[in-house]
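# Residue-level structural notes
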Amino acid sequence: MRDTVLGLRGEMENTARRVLSDAGCTPEVSGVGPDSCEVDIKLAPQPDDPLAGISGYRCLGPGNQGVVFGHATAETPSRMPLFVWLANRLAMRFDAVRKSGSIPWLAPSASATTYVEYLDAGGEIITKIEFGMAHSTNIPEKELTDRIIKEIIRPVIPVKYHNPDVPGLRQWEGIEYRVRGHQITNHKRLSSVNGGTGWKINVATYGGVCPYAGGAFCGQNPLRIDRAATNMARYIANNVVAAGILKRCTLRLYYTVDGDQPLEIRFDKGNEPFDQEELRSCVREVFDLTPSGIIDTLRLKEQSYRASSVYGHFGREDQDLPWDRPDRAYQLRDAYGLLGQQIAWEV
């Protein structure tokens, strides 16, 4: 057992150093060197009770209670809200440009905020993008802004979302841009804004467009019901939209301590007509909602969660994540009686 623990500690330390290196951390930029920093690892046994219902494959109950939420929308190909989808793509583009070295003064710290207007007649337009980043040398403001817009922002924005009628500062095709940079003058400047306590749930999920449960998506066991069932809720919503039942789907699952099925499945009514009871019945027919069923269906014990720890946990077109697959859409259409009917919207 002692050799196993020592081996685990060594693996965890190597992983921590590798992640720091991949993130671009250096003593000069972030105050942390992947090879020189101290990695302090503390291990403690997991309490039995919270895992009592999810450690086995055919269990009596989830072992802890919770309400979780899932969401999907036909706004984008990944069935994610447009503003979240775009912000995550901007973050991916920033890292790709930084790692390529084409803009050598970029530092590993950036944030992107997108503003989307939802039209009364339907559809969406992007009105404003705010982008902030750290840089390692003194760069004139105009050069910084022009290069960020040209090399990071423009390649990401689909032309169909341009709005030619919106006035604003530093426009390109009707979208207002606000680019802000701060120069790293000492390592404390960057390290002070980089946290290691966890990922913001809104960033990892749907950007606040729907409620969210209390469980974070990093730093916890992926088999716990608050995380496992949140993945399942996304999986259900994703397939409901892909099946053409709802254009925008938000649902909640409520698990109790003493049951292996959710006590409640409820869909937000929104503005679309649908049969709540029928849809709930179809979901129970098509999906195994027991904790063990969730683990099996989404293969949660086999997943590598590192890829989904950045750029969003949902709607990842660059990853084949089980909860983002629309592979139950046909079964849902059949159960709901929509086979042979055309889906009323296109992404």
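The structure contained in this document is the topic of the report that follows.

So, how was this worked out
- Residues numbered from 1 in each chain as written.
- Predicted model: local features only at pLDDT ≥ 70, side-chain atom pairs only at ≥ 80, totals over all residues.
- Heavy atoms only, no water.
- Helix = DSSP H or I, 4+ residues; strand = E, 2+ residues; numbered from the N terminus.
- Buried < 20%, exposed > 50% of the residue type's maximum accessible area, 1.4 Å probe, protein only.
- Contact = heavy atoms within 4.5 Å.
- Areas by Shrake-Rupley, 256 points an atom, 1.4 Å probe, with all protein chains shown as cover.
- Salt bridge = Lys/Arg side-chain N within 4 Å of Asp/Glu carboxyl O.
- Pairing = 2+ DSSP bridges.
- Axes fitted to C-alpha atoms, helices over the stretch in contact; angles between N-to-C directions.
- Phe/Tyr/Trp six-rings, centres within 6.5 Å; stacked < 30°, edge-to-face > 60°.
- Lys NZ or Arg CZ within 6 Å of the ring centre and 35° of its normal.
- Parallel < 35°, antiparallel > 145°, perpendicular 65-115°, else oblique.
- Left-handed = near helix turned anticlockwise from the far one by under 90°.
- Nonpolar A, V, L, I, M, F, W, Y, C, P; charged D, E, K, R; others polar.

Attention now moves to the overall build of the protein chain. Looking only at helices and strands, one finds 10 helices and 7 strands in the protein chain. In the protein chain, which comprises 347 residues, the share counted as buried stands at 47%. Counting only contacts in the protein chain whose residues sit at least 6 apart along the sequence, the fraction spanning at least 24 positions is 68%. Summed over its atoms, the accessible surface of the protein chain is roughly 17900 Å², and 49% of this surface lies on carbon and sulfur atoms.

Let's shift gears to the pattern of salt bridges. With the rule as written, the count across this model stands at 17 salt bridges. A salt bridge links Glu302 to Arg299; its shortest N-O distance comes to 2.8 Å.

The subject of this paragraph is the sheet that holds strand β1 (residues 66-73). The strand order across the open sheet formed by 3 strands is β1-β6-β7, and the pairing between neighbours is antiparallel. In the strand order of this sheet, the two ends are held by β1 and β7 (264-267), each with one partner. Put simply, the sheet's adjacent strands are angled 15° from each other on average, direction ignored. When β1 meets strand β6 (residues 248-255), the two strands line up antiparallel, connected through 8 bridges. The partner of Val67 across the bridge, within β6, is Tyr254. Most of the contacts of helix α7 (residues 225-242) go to β1, to which it runs at about 30°, and overall it touches β1, β6 and β7.

Okay, unusual backbone geometry next. At Arg79, a residue that is not glycine, the phi angle is positive and equals roughly 60°. Relative to the helices and strands, Arg79 resides in the loop between β1 and α3 (82-100). For Arg79, a relative accessible area of 14% puts it in the buried group. Backbone geometry places Arg299, a non-glycine residue, at a positive phi of 50°. Among the secondary structure elements, Arg299 is positioned in the loop between α9 (291-298) and α10 (329-336).

What follows concerns the environment of Ile236. Relative to the elements of secondary structure, Ile236 occurs in helix α7. Distance from Ile236 to Ala72, taken between C-alpha atoms, is 8.8 Å for residues 164 residues apart in sequence.

For the rest of this paragraph, the subject is α9. The buried fraction of α9 amounts to 6 of the 8 residues, a majority that puts the element mostly inside the structure. Residues of α9 that are buried include every one of Pro291, Ser292, Gly293, Ile294, Ile295 and Leu298, and no others. Each element contacted by the buried residues of α9 is listed here: α7 and β6. Positive phi shows up at Arg299, right after α9, with a value of about 50°.

A few words on the environment of Ile41. Along the chain, the position of Ile41 falls in the loop between α1 (2-22) and α2 (48-51). Setting aside chain neighbours within four positions, we find Ile41 in contact with Arg9, Met12 and Glu13.

Our focus in this paragraph is the packing of aromatic side chains. When we look at a pair of aromatic rings, we describe it by the centre distance and by the angle of the planes. This model, assessed by the stated rule, comprises 5 aromatic pairs. On the basis of an interplanar angle of 20° and a centroid distance of 5.2 Å, the ring pair of Tyr206 and Phe314 is categorised as stacked. With Tyr206 in the loop between α6 (201-204) and α7 and Phe314 in the loop between α9 and α10, this pair connects stretches of sequence that are 108 residues apart. Relative to Trp323, the ring of Tyr305 has its centre 6.5 Å away and its plane inclined at 10°; by these criteria the two rings are stacked. You can see Tyr305 sitting in the loop between α9 and α10 and its partner Trp323 sitting in the loop between α9 and α10, a full 18 residues away along the chain. Residue classification places Trp323 among the buried positions, given a relative accessible area of 0%. The ring of Tyr115 has Lys128 sitting right over it, with the charged end atom 4.6 Å from the ring centre. The ring of Tyr305 carries the charged tip of Arg227 above its face, separated from the ring centre by 4.9 Å.

We now examine the pairing of β7. Where burial is concerned, the two faces of β7 differ: the one with Ile265 and Phe267 is buried and the one with Glu264 and Arg266 is not. Bridge count between β6 and β7: 4 bridges; the pairing is antiparallel. Each bridged residue has a counterpart across the sheet, and for Arg252 the counterpart in β7 is Arg266.

For the pair α7 and α9, interaxial distance at closest approach is 10 Å and the crossing angle is 60°. By the angle class used here, α7 and α9 are oblique. Seen from above, α7 lies across α9 with left-handed handedness. Only Pro291, Ile294, Thr297 and Leu298 of α9 make contact with α7, whose side of the interface consists of Ile225, Ala228, Ala229, Asn231, Met232 and Tyr235. When the residues that make up the contact of α7 with α9 are grouped by side-chain class, the tally is 8 nonpolar, 2 polar and no charged.

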